[in-house]
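Structural characterization, general
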Amino acid sequence: MAFAQVIGQEGAKRVLRRALEHGRLAHAYLFFGPEGVGKEATALALAQAILCEKQGSYGCGECASCRKVTTLTHPDVRFVFPAPRELDADREREILDSVVQEPYARLRPWANPVISIERIRAIRHDSSLKSFEGRGRVVILAEADAMTAEAANALLKLLEEPPPATTLILTTTMVQGLLPTIVSRCQQVRFALLSAQEIEAALIQRRQVPAEQARLIAGMANGSYRRAIEWLEQDVNQRRDEAIELLRTAIRADHDHVLQAEQLRALGDRAMVKEYLRLLLSIFHDALVLTAAGPESDNRRMLINFDRCDWLQKFVGAFEQIDFEQAIGAVEESIARIDRNLELSLVLIVLFQRLRAALRRKSNV
Ligand SMILES: [Zn+2]
């Protein structure tokens, strides 16, 4: 992974390139921002640039060192990630290989993994030795907020007396999950959500996704390339039909809603229900675009579900009035409530009530 292969993130890349150019790298960086936007990919690119055999190339991608960083086999690079306390070498290699394959993919094959103090001690031990290839060391702590309290304290000591020629890169989606004293000792680099255009182009270029599907998925990915590649694994059309069915169920007035929520819970786990709710957001987004723009307007190009334009038109037309603020707010709050682990059927019952209040229908949709 070289800088050129990192999708978007021009701001972050500029900061890092400038530091490399002037030989002013910080001892420690904190890459923070939403998930799936390229923090780990950029950390790997920075590692490559630091250790590249060709001076001033920002990581040529071709020298032996660059190739070893790309395959995560470089003796001076450590990539630490949340894992069970007992992680055997084979399993570790497996995960590293998956990072090599796709640095934008999700890292968590385990429930409640941690970065343990042993991992930090190993880093400290490494940094007391000379680097193997003489160009320094790079340690990447992915999802650093998963450090245990002991690990965080050990890392803090390391940051207080930074070892020479070692660059530490922490990544996190949750800065508040780190000790403030750690945060303040790192140079912070913010990562932004990607644009739909950036995701679309990346899907076409890297995954050979047909243009129309790439546009659809990019629109649904909410700025995260990770979410986009997760959508590739699923049948978007089917999921969307199910989301529409969920909406129909939600606004049907003549139902036993407690029972309904029970049925919906059978749809899948929390993650799945969250996906449906995100799809509902994309439908409301489009309905709002159509309502605001009128049917013949050019704004149709702003639709996420552009391939369902006729259905969306009918949907909008079936209601006397849609209170978008209420509807979108209700769905967003439900997603937040699911994240907070509230009981799924309760979340859905409340959501349905609010949706029925927000959508006043004329006829059947
Ligand atoms: Zn190189």
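So, here's what we can say about the structure. Note that the coordinates shown come from a computational prediction; the quantities given were computed from them, not determined experimentally.

1. Let's talk about the nonpolar core
The nonpolar side chains of a soluble globular protein tend to be buried with one another. If you look at the biggest cluster of nonpolar residues, it comprises 97 residues, and the most contacted ones within it are Phe-79, Tyr-225, Phe-315, Leu-355 and Leu-359. Ranked by residue count, the leading element in this core is helix 13 (residues 270–293), at 11 residues. In this view, Tyr-225 contacts Ile-7, Gly-36, Glu-102, Tyr-104, Leu-194, Ile-199, Ala-202, Leu-203, Arg-206 and Arg-207; residues no more than four positions away in its chain are not counted. Core analysis: the second largest hydrophobic core is formed by 25 residues, Ala-28, Val-80, Ala-146 and Ala-152 among them.

2. With respect to the coordination of the zinc ion
Reference values for coordination geometry: four tetrahedral donors around a metal ideally subtend 109.5 degrees, six octahedral donors ideally subtend 90 or 180 degrees. In this structure, Cys-52 (SG), Cys-60 (SG), Cys-63 (SG) and Cys-66 (SG) serve as the protein donors to the zinc ion, at separations of 2.3 Å. Given four donor atoms and angles of 104 to 117° at the metal, the environment of the zinc ion is assigned as tetrahedral. All donors to the zinc ion come from one chain, and their sequence spacing reads C-x7-C-x2-C-x2-C. Placement of the pair is Cys-52 in the loop between helix 2 (39–51) and helix 3 (64–70) and Cys-63 in the loop between helix 2 and helix 3, with a sequence separation of 11 residues. Side by side, Cys-52 and Cys-63 carry an identical accessibility label, which is buried.

3. Observations concerning the packing of aromatic side chains
Tallying each qualifying case throughout the model produces six aromatic pairs. Each residue in the set Tyr-29, Phe-31 and Phe-191 is aromatic and connected to the rest through ring pairs, giving one cluster. If you follow Arg-17 out to its NZ or CZ, it ends over the ring of Tyr-58, 5.7 Å from the centre. Directly above the ring of Tyr-225 sits Arg-206, whose terminal nitrogen or CZ lies 5.8 Å from the centroid.

Cut-off values and rules
Residues numbered from 1 in each chain as written. Predicted model: local features only at pLDDT ≥ 70, side-chain atom pairs only at ≥ 80, totals over all residues. Heavy atoms only, no water. Core = buried A, V, L, I, M, F, W, Y, C linked by side-chain atoms within 4.5 Å. Buried < 20%, exposed > 50% of the residue type's maximum accessible area, 1.4 Å probe, protein only. Helix = DSSP H or I, 4+ residues; strand = E, 2+ residues; numbered from the N terminus. Contact = heavy atoms within 4.5 Å. Donors = N, O, S within 2.8 Å, 3.2 Å for Na, K, Ca; no water. Tetrahedral: all angles 85-135°; square planar, octahedral: opposite > 155°, others 65-115°. Phe/Tyr/Trp six-rings, centres within 6.5 Å; stacked < 30°, edge-to-face > 60°. Lys NZ or Arg CZ within 6 Å of the ring centre and 35° of its normal.

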